[in-house]
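# Residue-level structure breakdown
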Amino acid sequence: MRKYSYYLCAFIAMPFLVFSQKFTVSGEVTDAQNGESLVGVNIFAEGTQVGTSTNTYGFYSLRLDAGQYTIVYQYLGYEVQRKKLNLNKDQVIDVSLVEAGQALDAIDVTTRGVDANVKSVEMSVTEVTTKEIEKVPQLLGEVDVIRTLTLLPGVSTVGEGANGFNVRGGNVDQNLILLDGAPVFNSSHLFGFFSVFNADAVQSFKLYKGGIPASYGGRLSSVLDVRQREGNSKRFSGQGGLGILSSRATFEGPIIKDKMSFLVSGRRSYGDVFTSLSSNEDLNSSILYFYDFNTKINYRINKDHRIYLSGYFGRDALGIRDFVNFNWGNATATLRWNWTINNRLFSNVTAVYSDYDYTIGSGDVENPGESGFGFSLDSRLRNYKFDQKITWFASSDYKLDFGYDVTYYDISPGRSRFNDGTSIFETQLQSEYGLEPALFVSAEQKVNANLTFQYGLRYSAFYNLGARTMQLYDGIPTDDNVIGTRDFERGEVIAAYDGLEGFEPRFNVNYAINDNNSIKASYNRTRQYIQLVSNTTSPTPVDIWRPAGKYINPATANQVAGGYFRNFNDNVWEFSVELFYKYFNDIIDYRDGADLFTNDNIETSLLNGEGRAYGLEVLLRKQRGKLQGWIGYTLSRAEIIVRGDDPFTSISQGQWYPSNWDRLHDLSVVVSYQLTKKWDIGGSFIYQTGRPVTFPVGRAEVEGGLIAPVNTLRNSNRIPDFHRLDLSANYNPSEGKNKRWESSWSFGLFNVYARRNPFSVFFQNDPQNPQVNQAIRLAIFGTIIPSVTYNFKF
């Protein structure tokens, strides 16, 4: 009887067991025109709450109960695609999306993750497409990724022509900038006027201001993840442009159709070409140019294995021929292997090399010639990294990322060589070496239709390694406290940071009130082991990176954020408001009067401090229709405190003082309007509170009768407020025509009402009356700057 009861129960339960079976739909989503992987495509089963999105390499995995479904694929600027399937086994479905037509009344064009603003667990994340960037007015018509980012809430610079960018009260060195996974240590050309990223070679970029995933580490404030395009695997094609400042060209195509492709892209400015033609000797001997070269090869070995090899090489040169030369540049190389282990397990292995260096010179050190003088100073930072990240798509409600990375630093702070006409004198600052290993795990869990969590943990450590000779101190590192030196052998650990402080928890939560409204919150702890040492308003290419060591602690930041997110008018409009608070520990600042340039014992010129940043960010954005753009506003403070036992170890008398990048108000309005199929116009307006500056409160007579300013509290004054209006127009004569050669024209007016925005205000003795100090206002741009660029594509 018991035997028959067992079979009866099994028979009754069988239908439920069948219906509860789950199967996986997985595959890759690519662009139908060029075969490139599409990142962040929104994929869901119609009529259900089950959905996912493609990862950085276009891979997706969706786990569903057995049954019949319509799977929907949506992506910004592409036509929606639907696939009907009878899911009774695991299936692989690769999808190619077709770019939507440019007709003004096209309505079946969706934004990336059409409701991601509300439903994604991510917050404090910024994404702007290349097409949006192309419509934003830019200086001299140069399409600029980073300058566009500064038009969004929470991102700013200290002024026009400033290197890098600041995120939520962080310094420029606190941004992890990655190009195909390789760190870029200087992201600007021509001292900050342009970024190093050629938009023609960029596939996507994403900025994390908070809620940073556990797979990223090494910086306190943000991550800018830039991915190069893979190259057209369908056919040979190209694009480029001729502008006032520079020209660019990109070529791509299949090496083996649908299996192996290449991309090469170059850009160069040619100010030096024009100045060399001048009859003015001062002009024709000047050196002023920059260049970029991007390259990538990707090879699909089979459906489960794919490898990528990419590189970037960029350089700036500035100077006067046979007199002074100044050049700097980045070089990166990335080798990546993607392995689809099975339909729910994806692995990415990456090896990276990054190299940043600069050289300043005057004359020829080896052969000074008639001048009898030669000088050079060079510095170099090399970075080697290996990492692996594995993603497990456990179900449509649970995804797990885990992995490791190891980074090795080789820092040569500086070598100077001087020839006085008789002998060569050389000074070499000691190299520094560091090893940074890390482990991470992160999970994204959808509890129900309303509640989603993302939680993770990263553990990082750092080892400062020899060979090096270190000064030892009795107490605070100062020249007066030196008690001796110690020699460390090659590879010997000078300082180790491998305690509990290395744990970096990350947490995000999203509570969806309904389909159009949600509340999000996040917390992240970040740690940084190398910092940029600078005593200038805006960091320059010759500033020095220094690692944590015996007397320099790693910097740490803790950030909490919360916000309200809303979409309305059928997801055409996005609105968000976020509050954030961030606290920094062990950030470094320079002592008053510090020597940072050729100091082999840099710790004697530095002080440890703390920082805080807090504020409100508001964004209203429209990404569909004839009128597109956004309004962004930030209300924030960024402050630093360095408090010691005496004035020598304190700044601003041990009180909180504004950082150089503190701006109370920051407003940006960016709009573009499609007039006709061939014409679109755009404009941007920026208003910012003037940045902090230190003005003298008195003067003192020094040796020789000269008058010197007396400063007290750092950054206790402000320069005048900043505001600027820019306009643009784009003409596409071949729009709507099926031509092998397409062209367009871009016109721009930068600084339309010729505002002389001050970059800084400094004081100097009046040449006519040395007893009097005079204020000098420095403006980078003081007039309207027109531009025109011819663009082509084939």
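Parameters and conventions
Residues numbered from 1 in each chain as written. Predicted model: local features only at pLDDT ≥ 70, side-chain atom pairs only at ≥ 80, totals over all residues. Heavy atoms only, no water. Helix = DSSP H or I, 4+ residues; strand = E, 2+ residues; numbered from the N terminus. Contact = heavy atoms within 4.5 Å. 1 Å grid on protein atoms, 1.4 Å probe; cavity = no way out; pocket = protein on both sides within 12 Å on 5 of 7 lines; lining within 4 Å. Points joined across faces, edges and corners; volume = space filled by probe spheres on them. Nonpolar A, V, L, I, M, F, W, Y, C, P; charged D, E, K, R; others polar. Phe/Tyr/Trp six-rings, centres within 6.5 Å; stacked < 30°, edge-to-face > 60°. Buried < 20%, exposed > 50% of the residue type's maximum accessible area, 1.4 Å probe, protein only. Core = buried A, V, L, I, M, F, W, Y, C linked by side-chain atoms within 4.5 Å. Salt bridge = Lys/Arg side-chain N within 4 Å of Asp/Glu carboxyl O. Pairing = 2+ DSSP bridges. Axes fitted to C-alpha atoms, helices over the stretch in contact; angles between N-to-C directions. Patch = residues over 30% accessible without salt bridge, like charges linked within 9 Å, V, L, I, M, F, W, Y side chains within 5 Å. Areas by Shrake-Rupley, 256 points an atom, 1.4 Å probe, with all protein chains shown as cover. Polar contact = N/O pair within 3.5 Å; in protein donor to acceptor, adjacent residues only side chain to side chain. pLDDT = per-residue confidence, 0-100.

For the protein chain, the count of helices and strands is 6 helices and 53 strands. Taking as baseline every contact in the protein chain between residues at least 6 positions apart, the subset at least 24 positions apart corresponds to 65%.

With that out of the way, let us pick up empty space enclosed by the protein. Applying the stated criterion across every chain, the model contains 9 cavities of 30 Å³ or more. Roughly 360 Å³ of volume is contained in the largest cavity. Together, 27 residues line the largest cavity, and R147, T150, I686, R724 and F750 are the ones closest to its centre. Breaking the lining of the largest cavity down by element, the ones donating at least two residues are β43 (665-674), β44 (679-688) and β49 (722-731). Looking at the lining of the largest cavity residue by residue, the classes come out as 9 nonpolar, 10 polar and 8 charged.

It is worth spelling out the packing of aromatic side chains at this point. Taken as a whole and assessed by the stated rule, the structure comprises 35 aromatic pairs. Each ring, one from Y409 and one from F462, has its centre 6.2 Å from the other, and the planes form 50°; the classification is tilted. On the criterion of sequence distance, the pair formed by Y409 in strand β26 (residues 398-419) and F462 in strand β30 (residues 462-465) is long-range, its members being 53 residues apart. Looking at Y409, the relative accessible area reads 5%, which means it is buried. The class for F462 is buried, based on a relative accessible area of 0%. Ring plane angle 75° and centroid distance 6.4 Å describe the contact between Y583 and W656, whose orientation is recorded as edge-to-face.

Ranked by internal contacts, the top residues of the largest apolar core, which has 27 residues, are L149, F165, F197, F205, L224, V226 and W630. Breaking this core down by element, the ones donating at least two residues are α4 (145-149), β12 (175-179), β16 (202-208) and β17 (222-228). Dropping the residues within four chain positions of it, F197 is found in contact with V143, V145, I146, I177, L179, V202, L224, V226 and R267.

A few words now on the pattern of salt bridges. According to the stated counting rule, one finds 33 salt bridges in the structure shown. Measuring nitrogen to oxygen at the nearest pair gives 3.1 Å for the salt bridge that ties D258 to K234. Residue D258 is found in the loop between β19 (246-256) and β20 (260-269), and its partner K234 is found in the loop between β17 and β18 (237-242); the two are separated by 24 residues along the sequence. Overall, K234 belongs to the partly exposed group, its relative accessible area being 30%.

Read across the open sheet, the 5 strands follow the order β9-β16-β17-β12-β13; overall the sheet is mixed. The outermost strands of the open sheet, each flanked by one partner alone, are β9 (125-127) and β13 (182-183). Inspection of the sheet shows β9 paired to β16 by 3 bridges, in the antiparallel sense. The residue bridging E127 from the neighbouring strand is K206, located in β16.

With that settled, the discussion passes to the environment of K209. With respect to the helices and strands, the residue K209 is situated in the loop between β16 and β17. Each C-alpha atom of the pair K209 and V155 lies 8.5 Å from the other, and the pair is 54 residues apart in sequence.

So, about the pairing of strand β29 (residues 451-460). Here β29 shows a buried face lined by T452, Q454, G456, R458 and S460 and an unburied face lined by L451, F453, Y455, L457 and Y459. Bridge count for strand β28 (residues 432-446) against β29 is 9 bridges, and the pairing is antiparallel. The residue bridging S442 from the neighbouring strand is G456, located in β29. The turn linking β28 back onto β29 is made up of 4 residues.

Glancing now at the sheet that holds strand β2 (residues 42-45). On the basis of which strands lie adjacent, the open sheet formed by 4 strands has the order β3-β2-β5-β6 and antiparallel pairing. Across the chains shown, the open sheet's two edge strands, defined by having one partner strand only, are β3 (51-53) and β6 (81-87). Neighbour-to-neighbour, the strand axes of this sheet turn through a mean angle of 20°, independent of strand direction. Two elements, strand β5 (residues 67-74) and β6, share 7 bridges in a ladder whose sense is antiparallel. Along β6, the bridge assignment pairs I71 with K83.

In this section: a nonpolar patch on the surface. Among the surface-exposed residues, I244, L627, V671, Y673, L675, W679, I681, W745, F747 and V788 lie close enough to one another that they form a single nonpolar patch of about 810 Å² accessible area. Within the residue set of the nonpolar patch, elements represented by two or more residues are β43, β44 and β50 (742-750). Looking at the secondary structure, you find W745 in strand β50.

This next bit is on the side chain of K206. Relative to the assigned elements, K206 resides in strand β16. Only 3.1 Å separates the side chain of K206 from the side chain of E122, close enough to count as a polar contact. Apart from the residues lying within four places of it in its own chain, the contact partners of K206 are E122, V125, T126, E127, V223, L224 and D225.

Turning next to unusual backbone geometry. Of the consecutive residues G466 and A467, the connecting peptide bond is found in the cis state with omega at 15°. Within the secondary structure, A467 is located in the loop between β30 and β31 (468-473). If you check the backbone angles, S652 has positive phi at about 55° while not being a glycine. Assignment of secondary structure puts S652 in the loop between β41 (627-641) and β42 (657-658). Not every positive phi belongs to a glycine, and N751 is a case in point at roughly 65°. Along the chain, N751 turns up in the loop between β50 and β51 (758-766).

Our next topic: the confidence of the model for the protein chain. In the predicted model, the protein chain carries a mean pLDDT of 86, and the fraction of residues at 70 or more is 90%. Taken element by element, the protein chain is modelled with least confidence in helix α1 (residues 2-19), mean pLDDT 42, and with most confidence in strand β35 (residues 517-528), mean pLDDT 97. Segment residues 1-19 is flagged for pLDDT under 50; beyond a separation of four residues in sequence, or across chains, it makes 2 contacts in the model. Predicted confidence is poor over residues 102-112, with pLDDT under 50, and the contacts of this stretch with residues over four places away or in other chains come to 30 contacts.

Quick look at the environment of L627 now. By the element assignment, L627 lies in strand β41. For the pair L627 and I681, spaced 54 residues apart in the sequence, the C-alpha separation amounts to 9.8 Å. Not counting residues within four places of it along the chain, the set of residues in contact with L627 comprises K622, V671, S672 and Y673.

Quick look at the environment of Y60 now. Position of Y60 among the secondary structure elements: in strand β4 (residues 59-65). Judged by its relative accessible area of 0%, Y60 falls in the buried class. Between the C-alpha atoms of Y60 and E28, which are 32 residues apart in sequence, the distance is 6.2 Å. When residues no more than four places from it in sequence are discounted, the contact partners of Y60 are V25, S26, G27, E28, V29, I43, T52, S53, T54, Y73 and I93.

Attention now moves to the pairing of β17. In terms of residue burial, β17 counts as a mostly covered element, since 7 of its 7 residues are buried. The alternating pattern of β17 places S222, L224, V226 and Q228 on one face and V223, D225 and R227 on the opposite face, and all of these are buried. Across 5 bridges, β12 lies against β17 in parallel orientation. Within β17, the position partnered with L178 by the bridge is D225. Here β16 pairs with β17 via 6 bridges, running antiparallel. In the strand pairing of β17, L207 is matched with L224.

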